[in-house]
Amino acid sequence: MQRAIAECALGADPLTTRSCAVLVPSRGAAAALRASLENLRLGVGSRHSEKGEGGPEDRDLTPGAVVVPDLVTRDELYRRWHRAIPDVPPLLTGFDREVIFRRAALSASAADAAPFRLRPGLIREMLAFYDELRRRDRTVDDFERLMTGSLEASAAIDRGAERMLVQTRFLTSAFREFERRISESGGVDEHGIRARLLERETSAPYSRIVVTVGDRAADPVGLWTADFDLLARLPGITHLDVIATEQLLATGFHERVHDLLPGLIEERRRPSVPPVLLAPEAEDNAVLWFVSRDREEELANFARAVKESPRLDRTGVVFQRPLPYLYLARHVFPDAGVPYQALDALPLAGEPIAAAIDLLFSVAAAEATRASLIDLLGSPHWRFDVEGEKVERTDVAALDELLRSTKYLGGWERIAKLGDELEAAQVQSGREGRKWNRAARGIRAAVSIARDIRHAVTRPTASGQLTALLEVITAHEQLPDDSAAWYGRHMRARAAILSALQGLAAAHAVHGDEPLTVPELMGGVRRWVEGQTFSPRTGTEGITLLDARAAAYADLDNIHLVGLVESDWPDRARRNIFYPSSLLTQLGWPNEHDRLQAARARFRDLLRLPRARVSLSSFTLEEDAIVASSPFLEELPGCGLAIERRPGAEGVRVFAQEALSMEPVVASAVIGDAAEWLRLRESRTPISDEAFHGAAGPREPSVYAVSHVERYLECPFKYFASYVLELDEERDVESGLTPQERGQFLHEVFEAFFKTWHARGGREITASNVEAALTLFDEVAHDRLSPLSEADRALERTHLLGSAAAAGLAARAFAFEIEHQVEVVERLLEHPLEGEFVFRGEDGSRRLRIRAKADRIDLLSDGTLRLVDYKLGRAPRPARALQLPVYGVCATQALEGRHGRSWTLSRAGYVAFKEKNAFSGLGTSAALEQALADGQQRFLGAVAGIERGSFPVDPEEPFLCTRCGYAGVCRKDYVGDE
């Protein structure tokens, strides 16, 4: 294919070559084809082929000076045609057309209500649908006639058809209004360019055009029906060449291209010598591709395999999706000492500056919530000054702590009051005053930037909103030092985004300047950035990284296809969101079968692309999920390529960290940054040291809080972080009461109820007095609930008193007492259990100092006591329950002699709101004795671990890690290690 392009485009006369345009799918393909044409003309490919010989086809081209034709994409071709039209109106930008279409859609919706909300993303989809309709050589009248005719007959009996008919009428109205506004705009778009080129005599910029892409049925970046029609009829074009492989023609493109361009003269070229398929050594000869763990390991294994290759510039890595391979290559290949170059562009949305600007929109959309403000103020891409001093990360951390503690939830009015609250709080003394003083600089910065953003998004015009946002960006952006390696890349990405905002502002100023809502503003900018690409200009030599479409234009000896998984090969089709394919077929839309056949054809062509060898690889894990291999791999057994087996390169060490970690290193042989790293590594504690597995050294016995020891059983590291390091837990701000506050509130209500109940002469609760108890509980709860906010009041009332769906805690507590009908001598509420107590375990007895508080202890007339603990959630699992067994042991010892007698434990359990049963007990008689023995043993074992200083990351349930408040300081990679 490349030789055919060269024969058509590289004429003997340089003037003829300059009047020739070669149509390619992308700029990456243009760069690859330029190098290939130079190689073919100069004979570079044949001289450097690893086979050592060039076929006669390489010698057909006459050597000489290389004058390369104009290599253009479809959009670039239209821009060149536009410049060739005399007295043509200016070309409308994408921003202009989107703003005009939005106005047209709103106007059409006012006359005929839209069947959906006109969100920014939907506006873009409607415009893309209109463009595709026109590019398939269909008019709006064609669209209305065909779709209405298909839907009207069944609309009366089919709701789906009725809705699509309403949608068709709205889209027709919007499309016609858009065309009217375009004609009145004083500009022209690509559809207008086609019309003008055919209406008047135009001096075409090219006399010969070489088409190297297929049609849209065969290629997602191919030419449309209207493009082929224009090429066939455009005056001034004397030669039109369409170049395609036999594989592509066999998918149906052969018939379609003859229909599009009647009278084509066909010429065949002899095929190139096929390459060798490089496969791994395996017991099963059916294995014809390499398999890695993930995408990073794919590149690492390839780097090992080609490390000693003499001609890396003749080697390519080919992928279907550039991401994440282009990001991974930045680290993998330099670490392996393998030079590389990338021809593909990256998404502009992946640049750090895009993420930084997105933070501004997040603050605007969320009205300055805590999370959005902290993200913005803490970003290294922004600089905020207060009274000439920069806001540091410590200021932001103090602000975060303050906003959490005050339950700040955002809102423009609430953030505006923070400054006044700061002034009032700074005169306070004590802990709260110090907290506000530490956060003072962060508060002032937050109030200032929130005011600026609010002012920007509430401007009366869309252009004013965007201009104000540009002012905010330029006032607070933190530019990198010009000596930084990434300075140039950052500035180019910055220029692209800022120019886009300026272009969008200019488009609104000319074509419609009503203000946008924050979602419209944010959605419009985000979707534009996400749709753009950005060329990072990576490397000029070494291995070539390029996508599958650009690879077809590259002259290489060896290629390695990566990412052969189901999600990448074949690439995903872009679905129409308005109509099913059965309706779109009559408008010229292709079917799925044609697309998949063409994708397979391109894959087969890639297998025969290189001069020497081709290899393939897939992987098994994507973000820790198992992925399936591509169905295209089924083509390998019948591809007709000779197979060469080669051992895998997994054991080859080419990365510095592998060599340094696997054997002793002579320090004198390591210089520069590597030497500093080596000194640090040799001085650190070995990874096998117990300190890396939770050993913090022995600790003296102390007073043990039972709830703290229970946390040790939940996860030793959580105990260490909370009670040894005394770190605060990271918790999201909650609009209502926190779990701790809710638990404390619950205990206060029950304590107040029983005190009042006893003061009024009540004792045990029975079936005869339960209604009176519930009435009194309602009164006590009402008094306690009244200070809470309305939302908290409703929620906590449901917990305490229940609803039609479930009983509350009061009803559960009273129900279990009625069932266990024993006379109550005394109730001990929130009773402290402090002092030294004796606990018995498998290794004997031990006396420990304990600090605890039992929710409720009932002393009963039969000489026994009953322990009750209230839980808003579920009762702890018996295998981990610690509080009730320890409380039971402590209570029997602490209450010895009370009322002149001894007391034994007869019942202990939980009144839990989310449990099915009203009372979840530890059992009675023998079961209770065993529960007490097991609980004491667990307690003594946990205390022994604390005193040994053993705090490994060992959660009782691994899922608890997902909501742990110490995730930021936890060495989660050691979970499960012994």
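Notes on the structure follow.

Conventions adopted
Residues numbered from 1 in each chain as written. Predicted model: local features only at pLDDT ≥ 70, side-chain atom pairs only at ≥ 80, totals over all residues. Heavy atoms only, no water. Helix = DSSP H or I, 4+ residues; strand = E, 2+ residues; numbered from the N terminus. Buried < 20%, exposed > 50% of the residue type's maximum accessible area, 1.4 Å probe, protein only. Contact = heavy atoms within 4.5 Å. Expected span 1.5 Å × (residues − 1). Arc of directions from axis to C-beta. Pairing = 2+ DSSP bridges. Phe/Tyr/Trp six-rings, centres within 6.5 Å; stacked < 30°, edge-to-face > 60°. Salt bridge = Lys/Arg side-chain N within 4 Å of Asp/Glu carboxyl O. Core = buried A, V, L, I, M, F, W, Y, C linked by side-chain atoms within 4.5 Å.

Right, let's talk about the overall build of the chain for a bit. Scanning the chain from N- to C-terminus turns up 36 helices and 24 strands. Among the 978 residues that make up the chain, the fraction classed as buried is 48%. Sequence-distant contacts, at least 24 apart, represent 78% of the contacts inside the chain between residues at least 6 apart.

Before going further, it helps to examine helix H31 (residues 739–759). With 21 residues, H31 extends 30 Å between its outermost C-alpha atoms, agreeing within 8% with the 30 Å of an ideal straight helix rising 1.5 Å per residue. Next to the buried residues of H31 lie helix H32 (770–785), helix H33 (790–801), helix H34 (809–819), strand E20 (824–841), strand E21 (844–860) and strand E22 (864–871). Immediately downstream of H31, the backbone of Gly761 shows phi near 95 degrees, a positive value.

Turning our attention to helix H14 (residues 325–336). With 12 residues, H14 extends 15 Å between its outermost C-alpha atoms, agreeing within 8% with the 16 Å of an ideal straight helix rising 1.5 Å per residue. Regarding H14, the residues found buried are Tyr325, Leu326, Leu328, Ala329, Val332, Phe333 and Ala336. Looking straight down H14, one finds that the buried residues subtend no more than 135 degrees of arc, so they occupy a single side. If you follow the buried residues of H14, they end up packed against helix H13 (295–306), strand E7 (315–319), strand E8 (340–342), strand E9 (346–347), strand E13 (543–547) and strand E15 (613–619). Once H14 ends, the next one or two residues include Gly337, with phi positive near 70 degrees.

This part takes up the pairing of E7. Buried residues dominate E7, accounting for five of its five residues. Residue alternation in E7 divides its side chains into two sets, Thr315, Val317 and Phe319 and Gly316 and Val318, and both sets are buried. One ladder, built from four bridges, connects E7 with strand E14 (residues 558–561); its direction is parallel. Bridge pairing in E14 links Val317 to His560. As judged from the four bridges shared by E7 and E13, these two strands associate in the parallel manner. Looking at the pairing, Val318 lines up with Leu546 of E13.

This part covers the packing of aromatic side chains. Taken as a whole and judged by the stated rule, the model has 33 aromatic pairs. Judged by centre distance (5.7 Å) and plane angle (80 degrees), the rings of Phe129 and Phe143 are edge-to-face. With a gap of 14 residues between them, Phe129 in helix H7 (residues 120–135) and Phe143 in helix H8 (residues 140–155) connect regions that are remote in the sequence. Ring plane angle 55 degrees and centroid distance 5.3 Å describe the contact between Tyr130 and Phe175, whose orientation is recorded as tilted. Here Tyr130, found in helix H7, pairs with Phe175, found in helix H9 (residues 159–184); they are 45 residues apart in sequence, far enough to count as distant.

What follows is about the pairing of E20. Sheet topology note: the E20/E21 ladder contains 16 bridges and is antiparallel. What sits directly across from Val838, in E21, is Arg847. The turn linking E20 back onto E21 is made up of two residues.

Moving on: the pattern of salt bridges. For the structure on display, the rule yields 68 salt bridges. Arg321 serves as the salt-bridge partner of Asp568, at 2.9 Å between the closest nitrogen and oxygen. Taken together, the positions of Asp568 in the loop between E14 and helix H25 (581–584) and Arg321 in the loop between E7 and H14 put the pair 247 residues apart, joining distant regions of the chain. Accessibility expressed as a relative area gives 1% for Asp568, which makes it buried. Take Arg321: its relative accessible area is 36%, and that puts it in the partly exposed class.

We now examine the nonpolar core. If you look at the biggest cluster of nonpolar residues, it comprises 73 residues, and the most contacted ones within it are Val22, Trp81, Leu561, Leu607 and Leu616. Once you skip the residues sitting within four places of it in the chain, Trp81 turns out to touch Ile193, Leu197, Pro205, Ile209, Leu230, Leu231 and Leu234. Membership of the second largest hydrophobic core comes to 66 residues, among which are Trp412, Ile443, Ala468 and Leu504.

Right, let's talk about the environment of Glu267 for a bit. Mapped onto the fold, Glu267 is located in the loop between helix H12 (246–260) and strand E5 (276–280). When the C-alpha positions of Glu267 and Ala4 are compared, they lie 9.9 Å apart, and in sequence the two are 263 residues distant.

Our focus in this paragraph is the environment of Arg79. Along the chain, Arg79 falls in helix H5 (residues 74–84). Along the primary structure Arg79 and Ile193 are separated by 114 residues, whereas in three dimensions their C-alpha atoms are 9.1 Å apart.

Glancing now at unusual backbone geometry. The step from Leu323 to Pro324 runs through a cis peptide bond, and the omega angle for that step is 5 degrees. Turning to its location among the elements, Pro324 is positioned in the loop between E7 and H14. Residue Pro570 is bonded to the preceding Trp569 through a cis peptide linkage, with omega at 0 degrees. Looking at where Pro570 falls in the secondary structure, it is placed in the loop between E14 and H25. Even without being a glycine, Glu726 presents a positive backbone phi close to 55 degrees. Secondary-structure assignment places Glu726 in the loop between helix H30 (716–724) and H31.

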